[in-house]
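Observations on chain architecture
What follows is each chain in one-letter form.
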Amino acid sequence: QTSVHQIQSGQVIVDLNSVVKELVENSLDAGSTSIEVRFRNHGLDAIEVIDNGTGIAPEDFESVALKHHTSKLRNYDDLENLDTFGFRGEALASLCALSQLYIITAREMDRPRGTRLEFEVSGKLKDTTTVAAQRGTKVVVEKIFHNLPVRKKELEKNIKREYGKVLTLLQAYACISTGVRFTVFGSKSLRDLVALDLKFEMQPTTSTLSTHDDNTSRGVKVEGHISKPVVGEGRSAPDRQMFYVNSRPCGLPQVAKAFNDVYKTFNISQSPFVFANLIMDTNSYDVNVSPDKRTILLHDQGVLLESLKETLVELFESQEQ
Ligand code: ADP
Ligand code: MG
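The rules behind the values
Residues numbered from 1 in each chain as written. Chains lettered and ligands numbered in written order. Predicted model: local features only at pLDDT ≥ 70, side-chain atom pairs only at ≥ 80, totals over all residues. Buried ≥ 20, exposed ≤ 12 C-beta atoms within 10 Å, placed from the backbone. Helix = DSSP H or I, 4+ residues; strand = E, 2+ residues; numbered from the N terminus. Pairing = 2+ DSSP bridges. pLDDT = per-residue confidence, 0-100. Contact = placed C-beta atoms within 7 Å. Near = placed C-beta within 6 Å. Nonpolar A, V, L, I, M, F, W, Y, C, P; charged D, E, K, R; others polar. Axes fitted to C-alpha atoms, helices over the stretch in contact; angles between N-to-C directions. Parallel < 35°, antiparallel > 145°, perpendicular 65-115°, else oblique. Left-handed = near helix turned anticlockwise from the far one by under 90°.

Glancing now at the pairing of strand β1 (residues 34–40). Residues Ile35, Val37 and Phe39 point to one face of β1 and are all buried, whereas Ser34, Glu36, Arg38 and Arg40, pointing to the other face, are not buried. Where β1 lies against strand β7 (residues 181–185), five bridges are found, and the strand directions are parallel. In the sheet register, Ile35 faces β7, and the bridge partner there is Phe182. In terms of strand pairing, β1 meets strand β2 (residues 46–51) through six bridges, oriented antiparallel. Bridged to Arg40 within β2 is Ala46. A loop of five residues connects β1 with β2, the two strands running antiparallel in sequence, and Asn41 in this loop sits at a positive phi of about 55°.

See the structure below:
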């Protein structure tokens, strides 16, 4: 029989994506610089999120998975200065109702000892045991939706697609969370970094077409992030490519194509998630070629694209080792 708690939980945790989203956001809220996500059987058997954040304080053990418990709002004022993802205190409570969940957590001051926490379906703390642990928190969600058979069947049916969506989501977090290292252990094998930092300077292009006076066209700097090729999984996502020239958002279809082409040479069918700012001399492009000013004409585009491709290939190859 399905309880009210389970039904409400099913509205917080609707699919694989929401499990991963909630757990990763908790890890980010805990100030982690390393987040590892592991999937057993694409997440159907288990999803594990392991971080190196602050850990959970012993005084919170009893309440951590109770509905509406959160450590993130200490007083009412905080609602206005919220800099955490979570504040509702619903995720862990819901996961207790829909899966078999346990937590291993250790704070810096308690190392090398940590605590394994087990919960009842209601979120009430059932048992604690002392275990060896590194600083941080590991949340393990086993048998998601085991007590909602219809939803479980639906998930099993679409698991490849759902798993692809999860990888996309992780790439999005990895791209925006500078200073946090994301690692994914997937169904096939180890996937290391989901995102690579883009930070390189390309050789100055010797411009013959240069319209401006000084012919010493400077190099183009590229800064941003790109998702690492994930072989055979994920989805095509041209909508997840953002380009900027000197921090001005703009459409750069040819540059986008260069990124996608490099991915193809690595036999990756999906497009990468790209967030790239091209920093270059203001003389080396025209902005006003279209009424919306979002399309930019690059003077040395051919040379730029070639050296961009070369640099990206080197970047990926250096990651392969
Ligand atoms: P919320 O994030 O809205 O506070 P959750 O149910 O997601 O609610 O989490 C409940 C509480 O559990 C958090 O407020 C936090 O104190 C603790 N917690 C959960 N995950 C972690 C984690 N990875 N590291 C440290 N504390 C955590
Ligand atoms: Mg949360």
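Read on, since the account is not over.
This part is about the confidence of the model for the protein. In low-pLDDT regions, the fine details of the predicted coordinates are not to be read closely. Within the protein, residue pLDDT values average 82, and 80% of them lie at 70 or more. Confidence drops under a pLDDT of 50 for residues 205–217, and excluding neighbours within four residues, the segment shows 18 contacts in the predicted structure. Scoring the predicted complex yields pTM 0.74 and, for the interface, ipTM 0.99.

A few words on the site of ligand 1. With respect to spatial proximity, 24 residues lie near ligand 1, and among them Asn26, Thr70, Ser71, Gly86 and Ala91 are the closest. Those elements that place two or more of their residues in the shell around ligand 1 are α2 (16–29) and α3 (91–98). Class assignment for the residues of the shell around ligand 1 results in seven nonpolar, eleven polar and six charged.

On to unusual backbone geometry. A cis amide bond, omega 0°, links Arg111 with the succeeding residue Pro112. Its location among the elements puts Pro112 in the loop between β3 (100–106) and β4 (113–119). Positive phi, close to 70°, is recorded for His68, a residue that is not glycine. Here His68 lies in the loop between β2 and α3. When the 10 C-beta atoms within 10 Å are taken as the criterion, His68 is described as exposed.

A few words on the environment of Asn41. Within the element layout of this structure, Asn41 appears in the loop between β1 and β2. For Asn41, a count of 11 C-beta atoms within 10 Å gives the class exposed. Residues Asn41 and Ile159, 118 residues apart in the sequence, show an inter-C-alpha distance of 9.3 Å.

Before going further, it helps to examine the packing of α2 against helix α5 (residues 159–176). Look at α2 against α5: their axes get within 9 Å of each other, and the N-to-C directions meet at 25°. With respect to their mutual orientation, α2 and α5 come out roughly parallel. Classified by chirality, the crossing of α5 by α2 is right-handed. Taken together, the residues of α5 that come into contact with α2 (itself represented by Leu16, Asn17, Val20, Lys21 and Val24) are Glu162, Tyr163, Lys165, Val166, Leu169, Leu170 and Tyr173. Tallied by class, residues from the contact of α2 with α5 come to eight nonpolar, one polar and three charged.

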